[in-house]
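Structural description and commentary
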Amino acid sequence: MTNQNISLVKVRNTLLVTMPADPDDVTVTTLQEEVLGAMEEYRPKGLVLDISAVETLDSFFARTITETSRMVTMMGGQTVIAGMRPSVAITATQLGLTMVGTFTALTVDRALDLLTHLHPRRRIR
Amino acid sequence: MSDLARGNIPIKSENDIVAARRVVRDLATQLCFGVTDVTRVITAASELARNVFLYVGAGVMWWSILDRSGEVGLELTFEDHGAGIPDVEQAMTPGYSTSRGLGLGLPGVKRLMDEMEIHTEVGKGTTVRVRKWLRK
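**Some words on the overall build of chain A**
For chain A, the count of helices and strands is four helices and five strands. Counting from the amino terminus, chain A carries its helices and strands in the arrangement β-β-α-β-α-β-α-β-α. Relative to a compact globule of 125 residues, whose C-alpha radius of gyration would be 14 Å, chain A shows 14 Å and is just as compact. Here the C-alpha coordinates of chain A stretch approximately 50 × 25 × 25 Å along the principal axes. Put simply, chain A has 125 residues, and 37% of those count as buried. Within chain A, contacts between residues separated by at least 24 positions form 77% of all contacts whose residues are at least 6 apart in sequence.

**Structural notes on the interface of chain A and chain B**
Facing the 17 residues of chain A at the interface are 21 residues of chain B. Elements supplying a minimum of two residues to the side of chain A that touches chain B: helix 1 (25-42), helix 2 (59-75) and helix 3 (86-95) of chain A. Ranked by residues supplied to the side of chain A that touches chain B, first place goes to helix 3 of chain A with six residues.

**Notes on the pairing of strand 2 (residues 59-68) of chain B**
Residue and element names in this part refer to chain B. The pairing of strand 2 with strand 3 (residues 71-80) spans ten bridges and is antiparallel. Bridging across to strand 3, M61 finds its partner in F78. Following strand 2, the chain reverses through two residues before pairing antiparallel with strand 3; S69 in that reversal takes a positive phi of roughly 40 degrees.

**Some words on the pairing of strand 3 of chain B**
The pairing of strand 3 of chain B with strand 5 (residues 125-133) of chain B spans eight bridges and is antiparallel. Within strand 5 of chain B, the residue paired with D80 of chain B across the bridge is T126 of chain B.

**A look at the packing of helix 1 (residues 14-30) of chain B against helix 2 (residues 35-56) of chain B**
Residues and elements named next belong to chain B. It is the contact of helix 1 with helix 2, at a shortest axis distance of 9 Å, that shows an interaxial angle of 155 degrees. By the angle between their axes, helix 1 is roughly antiparallel relative to helix 2. The interaxial crossing formed by helix 1 with helix 2 has right-handed handedness. The segment helix 1 lies against helix 2, with E14, D16, I17, A20, R21, V24, R25, A28 and T29 engaging D37, V38, V41, I42, A45, S46, A49, R50 and F53. Of the residues contributing to the contact of helix 1 with helix 2, the split by class is ten nonpolar, two polar and six charged.

**Concerning the confidence of the model for chain B**
Residue and element names in this part refer to chain B. Taken residue by residue, chain B gives an average pLDDT of 89. The fraction at 70 or more is 91%. Throughout residues 99-103 the model reports pLDDT below 50, and contacts reaching past four residues in sequence, or to other chains, amount to 13 contacts. In the model output, the complex is listed with pTM 0.89 alongside ipTM 0.86.

**Looking at the nonpolar core**
By size, the foremost hydrophobic cluster in this structure holds 57 residues, and its most contacted members are V48 and L49 of chain A together with V41, A45 and A49 of chain B. It is helix 2 of chain B that contributes the most residues to this core, nine residues altogether. Excluding residues within four positions of it along the chain, V48 of chain A makes contact with T14, L16, V17, V80, A82, V108, A111, L112 and L115 of chain A.

**A few points about helix 2 of chain A**
The end-to-end C-alpha distance of helix 2 of chain A is 24 Å, a good match for the 24 Å that 17 residues give at a rise of 1.5 Å each. For helix 2 of chain A, the full list of buried residues reads S59, F60, F61, A62, I65, T68, S69 and V72 of chain A. On its buried face, helix 2 of chain A sits against helix 1, strand 3 (46-50), strand 4 (78-82) and helix 3 of chain A together with helix 2 of chain B. The positive-phi residue at the C-terminal boundary of helix 2 of chain A is G76 of chain A, with phi of around 105 degrees.

**A short note on helix 1 of chain B**
Residue and element names in this part refer to chain B. With 17 residues, helix 1 ought to run about 24 Å at 1.5 Å a step, and its terminal C-alpha atoms sit 25 Å apart, in line with that. Those residues of helix 1 not exposed but buried are D16, I17, V18, A20, R21, V24, L27 and A28. Looking one or two residues beyond helix 1, the residue adopting positive phi is C32, at roughly 65 degrees.

About the criteria used
Residues numbered from 1 in each chain as written. Chains lettered and ligands numbered in written order. Predicted model: local features only at pLDDT ≥ 70, side-chain atom pairs only at ≥ 80, totals over all residues. Helix = DSSP H or I, 4+ residues; strand = E, 2+ residues; numbered from the N terminus. Rg over C-alpha atoms; globule rule 2.2 N^0.38 Å. Buried ≥ 20, exposed ≤ 12 C-beta atoms within 10 Å, placed from the backbone. Contact = placed C-beta atoms within 7 Å. Pairing = 2+ DSSP bridges. Axes fitted to C-alpha atoms, helices over the stretch in contact; angles between N-to-C directions. Parallel < 35°, antiparallel > 145°, perpendicular 65-115°, else oblique. Left-handed = near helix turned anticlockwise from the far one by under 90°. Nonpolar A, V, L, I, M, F, W, Y, C, P; charged D, E, K, R; others polar. pLDDT = per-residue confidence, 0-100. Core = buried A, V, L, I, M, F, W, Y, C linked by C-beta atoms within 7 Å. Expected span 1.5 Å × (residues − 1).

Set out below in structure tokens:
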């Protein structure tokens with residue numbers, strides 16, 4: 001088995017989650033639990049899910065991502081999926097995956113911009 | 001049509017879905033498929049392997065490298081001895097799924113591949129065969 005580790009890092013107000021290239025079902029399921037646990041623990045405003053390393057996005061993985069995003073919304077956070085590869089986007093669309101209700105960004109950098117835009121920082125005088 | 005190479009991998013656990021994906025990745029890469037076609041074939045294999053695991057619990061993925069008068073392709077056959085598909089036409093309807101809503105089912109897989117054939121017999125099992133040809 002190759003490296004199946006999910007990396008979770010809190011950067012400022014954001015939880016940055018990085019997926020491995022070819023996660024098995026257990027890793028994908030773990031993602032959901034770990035992310036929701038980290039939401040409670042670190043209380044970030046948003047979650048960036050970096051899938052730039054992911055080479056295959058099947059229906060199970062896509063469904064878990066979409067569900068996790070909805071759960072994070074329920075907890076009061078915002079999810080942005082970042083870095084989907086062109087080949088993955090083509091395949092996912094032809095397969096019929098929709099990922100309704102998720103924000104997406106080309107890069108992690110853009111995802112952070114999007115989250116800032118979604119949660120404008122309040123000025124405190 | 002002759003087989004240049006062939007093999008199989010059992011599918012009886014979730015880990016075997018990952019194993020099937022890796023075998024298919026290696027084969028498609030060795031055949032010099034483009035990166036998008038590699039992704040298409042791996043994703044199709046992942047969906048079909050998952051179907052076998054979810055609906056039946058056990059089965060086999062057979063693979064073979066085809067040579068049809070100079071045209072090279074990859075053929076994957078997913079075979080199980082489960083309940084079979086009572087209504088193949090319904091199973092081929094976009095959005096149709098019976099198990100936990102997972103898998104977009106066979107129409108999505110068909111779009112990813114060049115050819116697809118389904119042989120199913122109620123009470124005996126199902127064989128889904130897909131092919132992708134190398135574009136010149």
